[in-house]
Amino acid sequence: MKKWNSALLAAVLLFTGCSAPLQETNPTEKDVNVMNNPLIAAAERGDTVNLRKLVEEGADLNAQDAQGRTAIMAATYADKPDAVRLLIEAGADINKQDNKRNNPFLYAGAEGLLDILKLLIEAKADTKLTNRYGGNALIPAAEKGHIDNVRTLLTTTDVDVNHINNLGWTALLEAVILSNGGTKHQQIVRLLIDHGADVNIADNDGVTPLEHAKRQRFAEIERLLADAGAR
């Protein structure tokens, strides 16, 4: 009887096309990274042993997770230069941008990750790509006081020192407007001027770097700008 019931049930299911309903799942970001993108997870950990193994096994170097991060982007966010180097050598796309419009070059420049920035410059990263604010790597580096990054960008790349972002600010304007006028930003202002910054490019309200420096009482920056012909 049990055998007959099983056969009958199978026949009914076959005839009606019924099957157990599939449940939709919503994997977490961690699940996506670890289960579907082990290369990204290994890169983020800086696990070069597993990373190399996955590369050799033919993993997709440019697969993206739910945030749009590739393995090399994840390694950059986590400040893992050895993983970045390995992925560059393996042929990863160093210019692909994630959902925030960051890519390794833009993020490393902005966040002071000098070792990674140098690797990307050597790998010929595209210096013309812009972040979600329409800025190049130099602008946030200048704003945040990353002197070595500013110097490296100005001396070893073709980054545009006078690029204007969506706010109407150049690197020089950001180094004045968004700083405390201290020694780091004084050095950055000097570097920008020495590498061709136009000291008279005004913001969207027509306020020049010199006027901003005067308003904020940044005497040394004011002097540097005036000596460079600022009005």
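Keep in mind the model is a prediction, meaning the values are calculated, not measured.

So, how was this worked out
- Sequence positions are assigned chain by chain, starting from 1 and proceeding in written order.
- With pLDDT at 70 or above as the cut-off, local features in this predicted model cover only qualifying residues; side-chain atom pairs require 80 or more to be listed or tallied, and sums for whole chains, interfaces and linings still use all residues.
- In computing side-chain values, all of the structure's heavy atoms are included and hydrogens and water are not.
- By definition here, a salt bridge exists when the distance from a side-chain nitrogen of Lys or Arg to a carboxyl oxygen of Asp or Glu is within 4 Å.
- Working definition: helices are DSSP H or I runs of at least four residues, strands are E runs of at least two. Numbering for both runs from the N terminus.
- Any residue under 20% of the maximum accessible area for its type is buried, any over 50% is exposed, and the rest in between are partly exposed; the area is computed with a 1.4 Å probe on protein chains only.
- Axes, fitted as lines to C-alpha atoms, cover a helix only where it is in contact. Angles between the N-to-C directions of the axes lie from 0 to 180 degrees.
- Geometric relationships in this document are graded by angle, where less than 35 degrees denotes roughly parallel, more than 145 denotes roughly antiparallel, 65 to 115 denotes roughly perpendicular, and other angles denote oblique.
- The contact definition used throughout considers only heavy atoms, calling two residues in contact when any of these lie within 4.5 Å.
- Each residue is assigned to one class: nonpolar for Ala, Val, Leu, Ile, Met, Phe, Trp, Tyr, Cys and Pro, charged for Asp, Glu, Lys and Arg, and polar for all the others, Gly among them.
- Whenever two N or O atoms come within 3.5 Å, that pair is a polar contact, provided that in protein one can donate a hydrogen and the other can accept it, and provided that, for residues adjacent in sequence, both atoms are side-chain atoms.
- Each crossing is labelled by how the near helix is turned from the far one, with a counterclockwise turn of less than a right angle marking it left-handed and a clockwise turn marking it right-handed.

J.: I'm lost on the pattern of salt bridges in this one. Help?
T.: As a working rule, side chains carrying opposite charge can pair if their charged atoms are close by. Tallying each qualifying case throughout the model produces 11 salt bridges. The shortest N-O distance in the salt bridge between R223 and D227 comes to 2.8 Å. Here the residue R223 and the residue D227 both occupy positions in helix α14 (residues 219–227), the gap between them amounting to 4 residues, near one helical turn. Looking at R223, the relative accessible area reads 40%, which means it is partly exposed. Given a relative accessible area of 58%, D227 falls into the exposed group.

J.: Can you help me understand unusual backbone geometry in this one?
T.: Negative phi values dominate among residues other than glycine, just as trans dominates among peptide bonds. With a phi angle near 55°, D79 is a residue other than glycine that sits in the positive phi range. Looking at the secondary structure, you find D79 in the loop between α5 (71–77) and α6 (81–90). Residue class for D79 comes out partly exposed when judged on its relative accessible area of 40%. With a phi close to 65°, K124 is a non-glycine residue in the positive phi region. If you trace the backbone, K124 turns up in the loop between α8 (114–122) and α9 (138–143). For K124, a relative accessible area of 68% puts it in the exposed group.

J.: Sorry if this is basic, but what is going on with the packing of helix α10 (residues 147–156) against helix α12 (residues 183–194) here?
T.: When two helices pack together, their arrangement is captured by the angle between the axes and the distance separating the axes. Here α10 crosses α12 at 5°, and the two axes come no closer than 10 Å. Looking at the two axes, α10 sits roughly parallel to α12. When α10 is examined against α12, the residues I147, V150, R151 and L154 are found in contact with a partner set consisting of K184, Q187, I188, L191 and L192. Looking at the contact of α10 with α12 residue by residue, the class counts come to 6 nonpolar, 1 polar and 2 charged.

J.: For this particular structure, what's the right way to read helix α7 (residues 104–111)?
T.: Counting along an α-helix, one turn takes 3.6 residues, and residues three or four places apart therefore face a common direction. In terms of burial, α7 is a largely internal element, 7 of the 8 residues being buried. At its buried positions, α7 is contacted by α5, α8, α9 and α10. At the N-terminal end of α7, a side-chain oxygen is found 3.2 Å from the backbone nitrogen of F105, two or three residues along, and the residue is N103. After α7 finishes, the residue G112 shows a positive phi value of roughly 75°.

J.: Would you mind going over α10 with me for this structure?
T.: For α10, the full list of buried residues reads I147, N149, V150, T152, L153 and L154. Of the surrounding secondary structure, the elements contacted by the buried residues of α10 are α7, α8, α9 and α12.

J.: What am I meant to see in the packing of helix α3 (residues 38–45) against helix α4 (residues 48–56) here?
T.: α4 packs onto α3 with a crossing angle of 150° between their chain directions and a minimal axis gap of 8 Å. Here α3 lies roughly antiparallel to α4, going by the angle between them. Here the hand of the crossing between α3 and α4 comes out left-handed. Of α4, the residues touching α3 (which contributes P38, L39, A42, A43 and R45) are N50, L51, L54 and V55. Here the contact of α3 with α4 is built from residues that sort into 7 nonpolar, 1 polar and 1 charged.

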